[in-house]
Amino acid sequence: MANVFITPGDGDIHLPLGVRVPPTRHARNGGKPYPPEFRQCVLQIWLSGGGDVDKGGNKALKAPWIEQLRFQKKFPHYDTCQRWIQIYKEADHVLPKRATGNKFSQREVKGQDLFNLALFRLAFPKAYIDEVRAYLHNRNPANEPYSRSQIVRAEQRLGLWLKVASTTADEAYRPANLLKRQMYWGENYPHGVKDQDLAHMIDIDEAQFKLQSQDRKRGKVTKQRRCNGRGKYKKGAPGVSLLMGISGDGDNPFEFHRMFSQGGTDLARFFTFMSEFIEYLDVNRPNESFCFTLDNLNIHKHPIILNLIEEAGHRVVFRAPYWSCDGAIEYVFNTIQTHLQMDDDGVDNVDDLIEEIDDIIFRMAIIGFRKYFEHVWYNE
């Protein structure tokens, strides 16, 4: 850019082309804070009205001439005035906070406190941040309580992330069930799946979906409004039972499913499903032996089901009780649920719901289900 020389008496000075000067931002829009003199002026108006809600102090800040200045953005918002008055009541002044440049505090969580934080989050991952602060202070009373921002930064250094929480039943942590889970992952067939080829694993389970499965649980509205929308909610509305099996084969993915709008999954229905599934494998994957993984539902362990699988040349291993997170199919059901919440157009009855689920499963099968098996840490 060429040098620009400005001499006194030149009149209006124009900046060279290409130079942009950002406009001065108003205090209410994130600019510099109102000066102390302005704050004192607001305080005097409030005090002149009585300094109390009942005596007209707040009414004075809503006078017509003040509202006109607010409309012209020449007077602070009423909420801002109330915040200054609250500061005055608590601290006996209305001075603005000193800008620090968003610098981090020099006092951070470290040493033994950081170690205690890691242990506490390991034991209580759902704890509120104030519970974490209280725990660290109780473990080391010599230190003053840490701020929330200091705890957040410490958790970031530990590699902790905020996630949607889930709950595992207390029964899952009984010694017998923990041993079964250890055997499931660490032992070879027939006690576990350690020696099984991922491409020949099939996970099977059932789920139920209803019209209100499309309902979304969160939304955004203004503060004073209820977040409400029209949906398919109806008490006692019929649902769809989905029986499904997915393969861990990444090269030639496949799935097999059946849906029912009446009744749940009983022994006869599950036997029919497994018979049809095995016939499907005989036609589409001949001369191949697969390992079925199932949960511990009684009908899954019925001798007639076990004989059907073994006589067809396949194997079966049952997951540890109460550890549904070990089943790849559970995450597939969650994906179907998410797609239902995204694609809610035109689903007005059970028949539409069945068609929509069929379409979702078809799209998922094109990509395959191997990632779901890898997510639950299946061993090849």
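Along each chain, residue indices are assigned from 1 in the same order as the chain's sequence is written. Predicted model: local features are reported for residues with pLDDT of at least 70 only, side-chain atom pairs are reported and counted for 80 or more only, and whole-chain, interface and lining totals are derived from all residues. Only hydrogens and water are set aside; all other atoms, that is, all heavy atoms of the structure, feed into the side-chain values.

Quick look at the layout of surface pockets now. A cavity here means a set of 1 Å grid points, computed over protein atoms only, where a 1.4 Å probe fits but cannot escape. A pocket is an open set with protein on both sides within 12 Å along at least 5 of 7 lines, and lining residues have an atom within 4 Å of a point. Grid points are joined across faces, edges and corners, and a volume is the space filled by probe spheres set on the points. The space that makes up the largest pocket amounts to roughly 970 Å³. Lining of the largest pocket is provided by 29 residues; of these, Val164, Ala165, Ser166, Tyr331 and Asn334 occupy positions nearest its centre. For the lining of the largest pocket, the secondary-structure elements that each account for two or more residues are helix H8 (175-186), helix H11 (328-342) and helix H13 (370-375). If you tally residues by element for the lining of the largest pocket, the top one is H11, at 8 residues. Only DSSP runs of H or I with at least four residues qualify as helices, and only runs of E with at least two residues qualify as strands; both kinds are numbered from the N terminus onward.

This brings us to the environment of Tyr331. For Tyr331, the position within the fold is in helix H11. Sequence spacing of Tyr331 and Phe369 is 38 residues, and the spatial spacing of their C-alpha atoms is 9.9 Å. Pairs of residues are marked as contacts when any of their non-hydrogen atoms sit within 4.5 Å. Setting aside its immediate chain neighbours within four residues, Tyr331 contacts Cys325, Tyr372, His375 and Val376. Any pair of N or O atoms that falls within 3.5 Å is considered a polar contact. Within protein, one atom must be able to donate a hydrogen and the other to accept it, and sequence-neighbouring residues count only if both atoms are side-chain atoms. For Tyr331, the side chain forms a polar contact with the main-chain oxygen of Cys325, separated by 3.2 Å.

With that settled, the discussion passes to the sheet that holds strand E2 (residues 239-247). Strand pairing in a sheet takes place through backbone hydrogen bonds and is either antiparallel or parallel in direction. Taking strand neighbours across the sheet as the criterion, the 5 strands line up as E3-E2-E1-E4-E5 in an open arrangement whose pairing is mixed. With one partner strand each, in any of the chains shown, strand E3 (255-260) and strand E5 (315-318) form the two edges of the open sheet. Taking each pair of neighbouring strands and ignoring which way they run, the sheet shows an average axis angle of 25 degrees. The sheet contact formed by E2 and E3 spans 6 bridges and is antiparallel. Bridging across to E3, Ile246 finds its partner in Glu255. The convention used is that axes are lines fitted to C-alpha atoms, helices contributing only their stretch in contact, and that angles between N-to-C directions extend from 0 to 180 degrees. Seen against the sheet, H11 touches strand E1 (201-210) and E2 and runs at an angle of roughly 35 degrees to E1. Two strands pair under a simple rule: DSSP has to find at least two bridges between them.

A few words on the confidence of the model for the chain. pLDDT expresses how confident the predictor is about each individual residue, on a scale running from 0 to 100. Within the chain, residue pLDDT values average 84, and 83% of them lie at 70 or more. In the predicted structure, residues 1-10 sits below a pLDDT of 50 and forms 4 contacts with residues beyond four places in sequence or in another chain.

Axis separation between helix H1 (residues 36-48) and helix H4 (residues 78-91) bottoms out at 10 Å; the angle between their running directions is 85 degrees. Judged by the inter-axis angle, H1 sits roughly perpendicular to H4. When H1 is examined against H4, the residues Phe38, Arg39, Val42, Leu43 and Trp46 are found in contact with a partner set consisting of Cys81, Trp84, Ile85, Tyr88 and Lys89. Tallied by class, the residues present in the contact of H1 with H4 amount to 8 nonpolar, no polar and 2 charged. Angular relationships are summarised with four words: roughly parallel below 35 degrees, roughly antiparallel beyond 145, roughly perpendicular across 65 to 115, and oblique for the angles in between. Residues are sorted three ways: Asp, Glu, Lys and Arg are charged, Ala, Val, Leu, Ile, Met, Phe, Trp, Tyr, Cys and Pro are nonpolar, and all the rest, Gly among them, are polar.

So, about unusual backbone geometry. Residue Pro190 is bonded to the preceding Tyr189 through a cis peptide linkage, with omega at 15 degrees. Assignment of secondary structure puts Pro190 in the loop between H8 and E1. Although it is not a glycine, Lys73 adopts a positive phi angle of roughly 60 degrees. Mapping Lys73 onto the fold places it in the loop between helix H3 (64-71) and H4. The exposure class assigned to Lys73 is partly exposed, which follows from its relative accessible area of 46%. For the exposure calls, accessible area comes from a 1.4 Å probe over protein chains only, and a residue counts as buried if that area is under 20% of its type's maximum, exposed if over 50%, partly exposed in between.

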